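Listed below, chain by chain, are the residues.
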Amino acid sequence: MTGVFSHGRLRLYLLKLLDDGPKHGYELIRLLEDRFLGLYAPSAGTIYPRLQRLEAEGLVTHTAAGGRKTYEITAAGRAELRQRADELATLESDIAASVEDLSALAGEIRSEVRGSVRDLKRELREATRQTRQSRQNRWEPTFASPPPFPPPPPPAEPGPHPDLLAEFDQRLAAFAGEVGRLARSRRFSDTQLRTAIRLLDGALDGLRRLLR
């Protein structure tokens, strides 16, 4: 869970969301995900136990219909919100700052990934060009002494040059090391690391599409 919700602050924010109107659990999850621009979403295992505790304390109540519970804030819950208005304002400010930090981190990782993918595309294009040129030179006819028989068909498409494969491995290892260094030096939160993982998965999908 992102650090802004430590020390029971998620409980306060749930009361704030319910103060805007009754909601079921997955609505609250979606609202939190939207608030964090999709970069953080609490799990059902995080939200529902807190709703149960709020209900046990008399701060919310629920009605059930169609197998789904809809939660509603009580008068006691609204009284707590009024008592903690200053704390809620600070929490909103911290959330805004956290969203800004997460967005900057996501942009930084996307830039790193885009740069690596561009380098890889350029190197693959160059390898393809060199392979074609090599094959053309190998089978170019010599008019001074024409062969008595037609030349044999060209061999199957050769694989990438070993030097390029070695350079690719080095670049890949350097990229992985740099991402790991950034993660360790910046002391990412669990949410930020999950965001980084999703971005890396997207880069991998892009490479797979490139090589189809």
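Residues numbered from 1 in each chain as written. Predicted model: local features only at pLDDT ≥ 70, side-chain atom pairs only at ≥ 80, totals over all residues. Heavy atoms only, no water.

A. A look at the pattern of salt bridges. Applying the stated rule across the entire model yields eight salt bridges. Close ionic contact of Asp-94 with Arg-9 constitutes a salt bridge, the shortest N to O distance being 2.8 Å. Residue Asp-94 is found in helix H5 (residues 85-138), and its partner Arg-9 is found in helix H1 (residues 9-19); the two are separated by 85 residues along the sequence. For Arg-9, a relative accessible area of 14% gives the class buried. (Salt bridge = Lys/Arg side-chain N within 4 Å of Asp/Glu carboxyl O. Helix = DSSP H or I, 4+ residues; strand = E, 2+ residues; numbered from the N terminus. Buried < 20%, exposed > 50% of the residue type's maximum accessible area, 1.4 Å probe, protein only.)

B. Main features of the side chain of Lys-23. Structurally, Lys-23 is set in strand S1 (residues 23-24). As a buried residue without a salt bridge, Lys-23 has its nearest oppositely charged side chain in Asp-20, at a separation of 5.1 Å. One polar contact links the side chain of Lys-23 to the main-chain carbonyl oxygen of Leu-17, over a distance of 2.8 Å. Among all residues touching Lys-23, those that are not within four sequence positions of it are Leu-17, Leu-18, Leu-28, Leu-31, Lys-69, Thr-70 and Tyr-71. (Lys, Arg positive; Asp, Glu negative; His and termini not counted. Polar contact = N/O pair within 3.5 Å; in protein donor to acceptor, adjacent residues only side chain to side chain. Contact = heavy atoms within 4.5 Å.)

C. Broad picture of the pairing of strand S3 (residues 68-73). Pairing analysis gives two bridges linking S1 to S3, with the strands arranged antiparallel. Across the sheet, the residue bridging to Lys-23 is Tyr-71, located in S3. Sheet topology places strand S2 (residues 60-65) next to S3; six bridges connect them, and they run antiparallel. Within S3, the residue paired with Ala-64 across the bridge is Lys-69. With antiparallel pairing between neighbouring strands as the criterion, S2 and S3 make up a hairpin whose turn holds two residues, including Gly-66 at a positive phi of roughly 60°. (Pairing = 2+ DSSP bridges.)

D. Representation of the packing of aromatic side chains. Per the stated rule, a full pass over the model turns up five aromatic pairs. Each ring, one from Phe-5 and one from Tyr-13, has its centre 5.8 Å from the other, and the planes form 45°; the classification is tilted. With respect to burial, Phe-5 and Tyr-13 carry one shared label: buried. Judged by centre distance (6.4 Å) and plane angle (45°), the rings of Phe-5 and Tyr-40 are tilted. A residue pair is termed long-range when its members are at least 10 positions apart, and Phe-5 in the segment before H1 and Tyr-40 in the loop between helix H2 (25-35) and helix H3 (44-56) qualify at 35 residues. The residues Phe-5 and Tyr-40 share a single accessibility class, namely buried. Three or more aromatic residues link up through ring pairs in this structure, and these residues are Phe-5, Tyr-13, Phe-36 and Tyr-40. (Phe/Tyr/Trp six-rings, centres within 6.5 Å; stacked < 30°, edge-to-face > 60°.)

E. Looking closely at the packing of H2 against H3. Interhelical geometry of H2 versus H3 gives an angle of 120° and a closest axis separation of 10 Å. With respect to each other, H2 and H3 are oriented oblique. Where H2 crosses over H3, the two elements pack in a sense that is right-handed. Across the interface between the two elements, Gly-25, Tyr-26, Leu-28, Ile-29 and Leu-32 of H2 pack against Ala-44, Ile-47, Tyr-48 and Leu-51 of H3. Each residue belonging to the contact of H2 with H3 can be placed in one class, and the counts come to eight nonpolar, one polar and no charged. (Axes fitted to C-alpha atoms, helices over the stretch in contact; angles between N-to-C directions. Parallel < 35°, antiparallel > 145°, perpendicular 65-115°, else oblique. Left-handed = near helix turned anticlockwise from the far one by under 90°. Nonpolar A, V, L, I, M, F, W, Y, C, P; charged D, E, K, R; others polar.)

F. How the structure looks around the nonpolar core. Counting 26 residues, the largest nonpolar core has Phe-5, Tyr-13, Leu-51 and Ile-95 as the members making the most contacts within it. Those elements that provide at least two residues to this core are H1, H2, H3, S3 and H5. Element by element, the count of residues in this core is highest for H1, at seven residues. Once residues within four sequence positions are removed from consideration, Tyr-13 is found in contact with Phe-5, Leu-32, Arg-35, Leu-88, Leu-91, Glu-92 and Ile-95. (Core = buried A, V, L, I, M, F, W, Y, C linked by side-chain atoms within 4.5 Å.)

G. Focus on H1. In terms of burial, H1 is largely enclosed, as eight of its eleven residues are buried. Arg-9, Leu-10, Leu-12, Tyr-13, Leu-14, Leu-15, Leu-17 and Leu-18 are the residues of H1 that are buried. Following H1 by one or two positions, Gly-21 has its phi on the positive side, about 145°.

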